[in-house]
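# Structural description and commentary
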Amino acid sequence: MEQIGNQDFFKGRGSQSNPNNKFFRHQISLEHSEGLDEPFLENSSTEFIKESPKKIISVSNSPDIPFMYSINPYQGCEHGCIYCYARNAHEYWGFSAGLDFERKIIYKPDAAAILEKQLNHKNYQPQVIMLSGNTDCYQPAERKFKITRALLEVFLKYKHPVGIITKNNLILRDLDLLQELAKLNLVQVSVSVTSLNESLRQKLEPRTVTGKGRIKVIQQLAQHHIPVRVMVAPIIPGLNSDEIPAVIKAAAEAGASGAGFTIVRLNGAIGNIFEDWIKKAYPERAQKVLHQIEACHGGKLNDSRWGTRMRGDGKEAEAIHQLFKLALKKYMPHQAKHELSFAHFKKKNEQLTLF
């Protein structure tokens, strides 16, 4: 723990609190800290929890998400991004959306076998499946468990289209599989770049690769002829909104074929977690940032409106939209639309060779 101003700050973690789970009947609160023999809240080491689901493909009906089918090899994420919308989902597992989300990681070692079984179901019809619909499939745990790599091997075996979104350079470990998928037009990667400001990145996304490191990932993927886009996401007004042109310029020069963005929204438990974090990390501008976020979401941090919740509305949001459009026009005027192929998909009883 370190001191920022007069505040204690957990270095290497995003959340600075571990709020109560809203689904629990009983709550724990700190009344008199001077009466404790040990710290009430500690930055403990990461714990890995095995999960064995019956199905691995999730289906979404959200009109705001460009993909319907996704796979999440992990729940919870050690990256610790303070704004992550997936924090709320951790409460369904009986954990907190705060520090628990970053240090209690659920992993699914049988994911590849379950995927293969689902792909072979007699009624299955191929759809683009996104890896990391919720948490990053290349988060630090992947280095140990290699679940994402096993999933890619199944996608290649069945010649099934797959999308990936990540902010970790661990994806470069799997260049061999990605190149084979790309030859058949079966893969597209989106690399999330939130900030090129290393001081901000260290507080906002404490256990992620640097912004410049992610630009290098884009460059490596493009050089290996793997279709790659940049996601400038999320845009947090007053924190990283001024970086939009610089991120798009750097990504375009590295070979990104397109770009997208979202405006931060702080639903459920994330609102209080983010507010606690920014008051500790950036006390001098906390209120201004919070008010600007509210200005993008009808005066609230919480925004559940279909169609606007991820893009925002109002003057503040419009300024962000215009800056993004101008940056695209200047640095990435010819975005490539990449449609993945379904022509090669074959089920087990239809296959002749692996590749």
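In case you missed it, the structure is sitting above this.
This brings us to unusual backbone geometry. Peptide bonds are mostly trans, and most non-glycine residues show a negative phi. Cis geometry marks the peptide bond from A233 to P234, where omega comes out at -10°. Residue position: P234 is located in strand β11 (residues 228–235).

Our next topic: the sheet that holds strand β6 (residues 74–75). Strand order in the open sheet formed by three strands is β3-β7-β6, and the pairing between neighbours is mixed. Either end of the sheet is taken by a strand with one partner, and the two such strands are β3 (47–50) and β6. As defined by bridge partners, β3 adjoins strand β7 (residues 104–107) across four bridges and the pair is classed as parallel. Bridged to F48 within β7 is I105.

What follows covers the nonpolar core. Of all hydrophobic cores here, the largest spans 65 residues; its most connected members are L115, L152, F155, I164, I218 and L221. Take this core: its biggest share by element is seven residues, from helix α4 (residues 147–158). Contacts of I164, omitting those with residues within four sequence positions, involve M130, L131, C137, Y138, L152, I171, L178, V187, Q188, V189 and S190. With 27 residues, the next largest nonpolar core counts C81, L200, V264 and L266 among its residues.

Taken as a whole and judged by the stated rule, the model has 18 salt bridges. Between R207 and E78 there is a salt bridge, and its shortest N-O distance comes to 2.8 Å. Taken as a pair, R207 in the loop between α6 (198–204) and α7 (211–223) and E78 in the loop between β6 and α1 (99–103) lie far apart in primary sequence, 129 residues in all. Salt bridges sharing common partners tie together E142, R149, E153, R173, D174 and D176.

In the structure shown here, the tally under the stated rule is zero disulfides. With no disulfide of its own, C77 lies 6.2 Å from the sulfur of C81, the closest cysteine sulfur. Its relative accessible area of 6% is what places C77 among the buried residues. Of all cysteine sulfurs in the structure, the one in C77 sits closest to C137, which takes part in no disulfide; the separation is 10.0 Å.

For the rest of this paragraph, the subject is the sheet that holds β11. Sheet strands associate in pairs through backbone hydrogen bonding, adopting either a parallel or an antiparallel arrangement. The strand order β4-β5-β8-β9-β10-β11-β12 describes an open sheet built from seven strands, whose pairing is mixed. With partners counted over all chains shown, the strands left at the sheet margins are β4 (58–59) and β12 (259–263), one partner each. Relative to β11, strand β10 (residues 187–192) is paired through four bridges, and the arrangement is parallel. Directly across from V189, in β11, lies its bridge partner V228. The strands touched by α7 are β10 and β11; relative to β10, the strand with the most contacts, the crossing angle is about 165°.

The next thing to look at is helix α2 (residues 111–119). Those residues of α2 that sit buried are A111, A112, I114, L115, Q118 and L119. The buried residues of α2 all sit within an arc of 160° when viewed along its axis, so they share a single face. The exposed set on the far side of α2, more than 90 degrees from its buried face, consists of A113 and K117. On the buried face of α2, the contacting elements are β5 (69–71), β8 (129–131) and α4.

About the cut-offs
- Residues numbered from 1 in each chain as written.
- Predicted model: local features only at pLDDT ≥ 70, side-chain atom pairs only at ≥ 80, totals over all residues.
- Heavy atoms only, no water.
- Helix = DSSP H or I, 4+ residues; strand = E, 2+ residues; numbered from the N terminus.
- Pairing = 2+ DSSP bridges.
- Core = buried A, V, L, I, M, F, W, Y, C linked by side-chain atoms within 4.5 Å.
- Buried < 20%, exposed > 50% of the residue type's maximum accessible area, 1.4 Å probe, protein only.
- Contact = heavy atoms within 4.5 Å.
- Salt bridge = Lys/Arg side-chain N within 4 Å of Asp/Glu carboxyl O.
- Disulfide = S-S within 2.5 Å.
- Axes fitted to C-alpha atoms, helices over the stretch in contact; angles between N-to-C directions.
- Arc of directions from axis to C-beta.

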